[in-house]
Amino acid sequence: MNDNLRFFVFSYNRGQFLANCVHSIERSAPGAPIVVFDDCSSDPATCVVLEDIAVRHRVVRAGETTRHKLGGLYGNMQVALESAADDEFVCFTQDDTQMVRALQDEDRRTFAACFAARPELGFLSPAFVQGISRRGKRRMDFGFDAQLQLFFPSPGRRRAGVHYSDICLSRVDRLRAAGWRFRIGEPANSAQAAMHFGPMGYLRCPFLMWLPNGPAYRGKTKTLALRWAERRRHCGFHPFRDLDPAAEERLRYAPVPLLPVAEDFLSIADGELDKPWVYDPLQGASLLKHCNRAELLLRRHLPAIKP
């Protein structure tokens, strides 16, 4: 039952992360088609990983002949969507994520049932909820739909993650019927999703997660503040252990549904990190954010200043 679920992995200069992501899909969803879109990676180690993956899966590199000029995450996501069949489910993910449990036939039946039951459903979140979503301005509240076995975010001031996330699962014909075309930036896609669809459903038992405390990437200028933040957060490559079977059982069948918060159910393979985990080195560091902005402003006006 893997043949109607396709994984699209979007990559840029993170070879170790990409290898971990692809291997986790191969391990957890054997037989599922995987397509890797690489956005002009120049790192030699990443190029070696891409060559290895290309032996087993399709790898699309920027500059190849397509109906779009490849380059940039959202341009690549649009090309990926256009290459998929109407009856496919597609999971869009990135190189800094990892599948953390085996995908079951029960999961695939859930995907199909959810989209069939809710014509207004555009996206499902395959990822665990970030622990930072339980506090402060990032707080998200959820209600539970017992029939669909999905959590839905409650309307509130926060927009990110309510209708859309770059890490998502959808049905191709549902997106095409809405005339969906990826826009540049997660906020723009969230606004588009809010116009066409209802809130995104969060799986009761998710199977994917961003790796925590990763270094900044995608061309970000490494200011002194950002470098210090990465050291302070112990940023690096921190893969997960596969989800413990007992924890998976609790998520699926607990009498009272448990919100799948990553820090409550997942563990790091190489030790411990401070919780809640972070996904941006500058997250929650106001002073360092101000210093980062100031240095970027100086560099804009004084080009001689080098990283």
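A quick note: this is a predicted structure, and the numbers were derived from the prediction, not measured.

### Some details on the packing of aromatic side chains
On inspection of all chains with the given rule, the structure shows 19 aromatic pairs. Seen from their ring centres, Phe 89 and Phe 111 are 6.5 Å apart, and the 55° between their planes marks the pair as tilted. Here Phe 111 lies in helix α4 (residues 105-117) and Phe 89 lies in strand β4 (residues 89-94), a separation of 22 residues in the sequence. Phe 111 matches Phe 89 in its accessibility class, with the two residues each being buried. Aromatic rings pair up to connect Phe 8, Phe 10, Phe 37, Phe 92, Phe 123, Tyr 164, Trp 180, Phe 182 and Phe 197 into one cluster. When the ring centre of Phe 17 is taken as reference, the NZ or CZ atom of Arg 14 above it lies at 4.0 Å. In this structure, Arg 171 packs its charged tip against the face of Phe 89, placed 5.2 Å from the ring centre.

### Details of the pattern of salt bridges
Taken as a whole and assessed by the stated rule, the structure comprises 17 salt bridges. For Asp 145, the salt bridge goes to Arg 118, with nearest N and O atoms at 3.0 Å. Taken together, the residues span a long stretch of sequence, with Asp 145 in strand β7 (residues 142-145) and Arg 118 in the loop between α4 and β6 (124-125) at a distance of 27 residues. Classification of Asp 145 by relative accessible area gives buried; the value is 16%. With its nearest N and O atoms 2.8 Å apart, the salt bridge here joins Asp 173 to Arg 171. Take Arg 171: its relative accessible area is 22%, and that puts it in the partly exposed class. One network of salt bridges, in which partners are shared, links Arg 101, Glu 106, Asp 107, Glu 248 and Arg 252.

Each value, and the rule that gives it
- Residues numbered from 1 in each chain as written.
- Predicted model: local features only at pLDDT ≥ 70, side-chain atom pairs only at ≥ 80, totals over all residues.
- Heavy atoms only, no water.
- Phe/Tyr/Trp six-rings, centres within 6.5 Å; stacked < 30°, edge-to-face > 60°.
- Helix = DSSP H or I, 4+ residues; strand = E, 2+ residues; numbered from the N terminus.
- Buried < 20%, exposed > 50% of the residue type's maximum accessible area, 1.4 Å probe, protein only.
- Lys NZ or Arg CZ within 6 Å of the ring centre and 35° of its normal.
- Salt bridge = Lys/Arg side-chain N within 4 Å of Asp/Glu carboxyl O.

So, to be careful, I would describe these as geometric facts and stop short of saying anything about function.
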